[in-house]
Every structure is written in structure tokens, then in C-alpha cells.
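Overview (structure and organization)
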Amino acid sequence: MNNLSVIIPLHMVTDTTENLFQNAIKSIEEQLVRPTAVLVVTPKGSEAAKFAKEFDYMTIKDIVKVVENDGKTDFASQMNFGVSQCETEWFSILEYDDEYSKIWFKNVQTYVDAYPNVDIFMPIVVDVDETGQFIGFTNEAVWANSFSDELGFLDKDALLSYQNFNIDGIVMKKEVYESYGGFKSNIKLTFIYEFLLRMSHKSVKIMTIPKFGYKHVNQRVGSLFHDYKLSMDPVEANWWLNKAKSEFYHENDRELSYTE
């Protein structure tokens, strides 16, 4: 797809990283319509940076660039830095342990041409466990009758009553992302939910393309949300959920800390 950068945040290296990363890169290689650029975002001077620089990117090596972040290295901060380094109109998020379907960017290009007023295109995500066993779908709810005001589109009212949406694999306009503040690193657990609430509150057009576009490994051991599951009790999790519902009115990333 023309004028699109794929951003892959990579903050650490483990025994499984090489195989997972290989599959993620292969899913870019196999796209029927390839992106313009691939940015691998790593902490500056880290083992992850060394790994990313030495990795064999095969047939897409000419479009890959490793960018090192010397700031905060949580997912939200890595993504914000990655977007700041994009030189394209659009960007997409690929977690290093996930994979695109090979028709994803071809479908996005078709929908960009058909819906020029849309700012964010989301795929239908297939969630699997670490063994590849099917868990369920995400982002498909907008195609249910009466779910939102407009079939296929996500709005604030629908989000306030239903939170199960995922930004992995999205294709979004860089200008819109930066205009409304990007991800907030001070929000734990629910920063994706807060981001979508804030975008919909700002009347950003969010559409799910009704085709499988992305495979996501859910709750992989060592992943951000797996760590949250292990360390966060239900009371705190609910606190962050409610906090997302109040913080989306603010574009800036305000200082927050959990209080019982």
C-alpha cells in the first residue's frame, strides 16, 4: 500500500523472539500489496536494538529501518516515537508476535479509495493462544445490527457500553494520531480503550473492514497484558477502566496513579 509505514515495537529479546519476529516479518513479505516502509522501534543501545539490526529481513530489507528510542520504552511510548519517525501519510501497528493476513493491505487500499473520509481502518482480528488454538474474534461487533449509529463504524456511545476492541493491525492517518495526542503511557491496562474513546469523541472516523486481517496471540507469557493479568487485581483493573472513561476528554497524558 502506498504511503504506509508498518511500526513494530520491540523492547526486549527472549528465547522465542526470533521465531515470532520471523513470522511477523514473513507476514509483511507475503502481502499482496506491500507497505512503503517498516520501522522497528527499539530502546537505544539495547539487546533488542542489536537483534533488530542484525536480523535478516530477506526481500523487504530495503524498506526496513531500525529506529532507537532513548526515552520511555513502554508500548505506548514506543508507538508514539515510532509514529514521530514515520514519513508516510498512514501507519500500521504490528506486534512482533503477531501476523497480518496477506490480503490486509490490499483490502485497506480498496477501502481507502472507497471511503476517503475514514481516518482509522481496523481489521477483524483472530485471537489465538500460544499454541495457535482459536479463541475468538475482535473488532467484528460494529457489523452487528443496531450496535452503533452507522453499520461498520465505531462510535463513542457504542464504546462506552462495549470495550472489546483492539488496535493491533490498524491503519491510521499519522496526522490524526498526532493531532489528538497519541497513546497515553500513564494509563495502565486500558490505554487502548481510552485512545479509541478519545478518537471517537473527536469525531475521528473509525471503520472495521469486514474481512480477516490480523492474527493476534492473546495473553502470551511475558506480554504486556499477560503481565497485567498476573500483577493487577480486579479492583485496580476496574479503576483503570473507569479512569479511561474520564481521561478521554483530555488530549494530554496526565499524571495518574492508582488509589484504592
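Residues numbered from 1 in each chain as written. Predicted model: local features only at pLDDT ≥ 70, side-chain atom pairs only at ≥ 80, totals over all residues. Heavy atoms only, no water.

A look at the overall build of the protein
Secondary structure assignment for the protein yields nine helices and nine strands. Relative to the 2.2 N^0.38 estimate, which gives 18 Å for 260 residues, the radius of gyration of the protein is 17 Å and therefore close to what a compact globule would have. Principal axes of the C-alpha set define a box for the protein whose edges measure 45 × 45 × 35 Å. In the protein, which comprises 260 residues, the share counted as buried stands at 51%. Considering only contacts in the protein between residues 6 or more positions apart, those separated by 24 or more positions represent 76%. When the accessible surface of the protein is split by element, carbon and sulfur atoms take 48% of a total near 12100 Å². (Helix = DSSP H or I, 4+ residues; strand = E, 2+ residues; numbered from the N terminus. Rg over C-alpha atoms; globule rule 2.2 N^0.38 Å. Buried < 20%, exposed > 50% of the residue type's maximum accessible area, 1.4 Å probe, protein only. Contact = heavy atoms within 4.5 Å. Areas by Shrake-Rupley, 256 points an atom, 1.4 Å probe, with all protein chains shown as cover.)

Considerations on the nonpolar core
Ranked by internal contacts, the top residues of the largest apolar core, which has 40 residues, are Met 79, Phe 91, Ile 167, Met 172, Phe 183 and Leu 196. Put simply, the parts of the chain that give this core at least two residues each are strand E2 (37–43), helix H3 (75–85), strand E4 (90–93), strand E6 (120–128), helix H6 (174–179), helix H7 (191–201) and helix H9 (234–247). For this core, the element with the highest residue contribution is H7, accounting for seven residues. Listed in part, the 36 residues of the second largest apolar core include Phe 21, Ala 48, Tyr 100 and Val 118. (Core = buried A, V, L, I, M, F, W, Y, C linked by side-chain atoms within 4.5 Å.)

With respect to the pattern of salt bridges
Side chains that differ in charge, positive against negative, can pair when their charged atoms come close. Inspection of the entire model under this criterion finds ten salt bridges. The salt bridge partner of Lys 53 is Glu 68, with a shortest N-O separation of 2.6 Å. Here Glu 68 lies in strand E3 (residues 64–69) and Lys 53 lies in helix H2 (residues 47–54), a separation of 15 residues in the sequence. Judged by its relative accessible area of 26%, Glu 68 falls in the partly exposed class. A salt bridge links Glu 194 to Lys 184, with the nearest nitrogen and oxygen atoms 2.9 Å apart. (Salt bridge = Lys/Arg side-chain N within 4 Å of Asp/Glu carboxyl O.)

Digging into unusual backbone geometry
Despite not being glycine, Asn 3 has its phi angle at roughly 65 degrees, a positive value. Take Asn 3: it is sitting in the segment before strand E1 (4–9). Its identity as a non-glycine residue notwithstanding, Ser 203 has a phi of 65 degrees, on the positive side. Among the structural elements, Ser 203 can be located in the loop between H7 and strand E9 (206–217).

Observations concerning H3
Owing to its 3.6 residues per turn, the α-helix brings residues three or four apart onto one side. In terms of burial, H3 is a largely internal element, eight of the eleven residues being buried. Regarding H3, the residues found buried are Phe 75, Ala 76, Ser 77, Gln 78, Met 79, Phe 81, Gly 82 and Val 83. Between the side-chain oxygen of the N-cap and the backbone nitrogen of Ala 76 there are 3.2 Å, and the N-cap of H3 in question is Asp 74. (Polar contact = N/O pair within 3.5 Å; in protein donor to acceptor, adjacent residues only side chain to side chain.)

Considering the pairing of E3
Bridge count between E2 and E3: six bridges; the pairing is parallel. Counted as the bridge partner of Pro 43 is Asn 69 from E3. (Pairing = 2+ DSSP bridges.)

What about the packing of aromatic side chains?
Tallying each qualifying case throughout the model produces 24 aromatic pairs. Relative to Phe 165, the ring of Phe 147 lies with its centre 6.1 Å away and its plane at 50 degrees, an arrangement referred to as tilted. A residue pair is termed long-range when its members are at least 10 positions apart, and Phe 147 in the loop between strand E7 (134–138) and helix H5 (156–161) and Phe 165 in the loop between H5 and strand E8 (171–173) qualify at 18 residues. Residue classification places Phe 147 among the partly exposed residues on the basis of a relative accessible area of 21%. We classify Phe 165 as buried; its relative accessible area is 8%. Plain terms: the ring middles of Tyr 177 and Phe 195 are 5.7 Å apart, the flat faces sit at 50 degrees to each other, and that makes the pair tilted. Taken together, the residues span a long stretch of sequence, with Tyr 177 in helix H6 and Phe 195 in helix H7 at a distance of 18 residues. (Phe/Tyr/Trp six-rings, centres within 6.5 Å; stacked < 30°, edge-to-face > 60°.)

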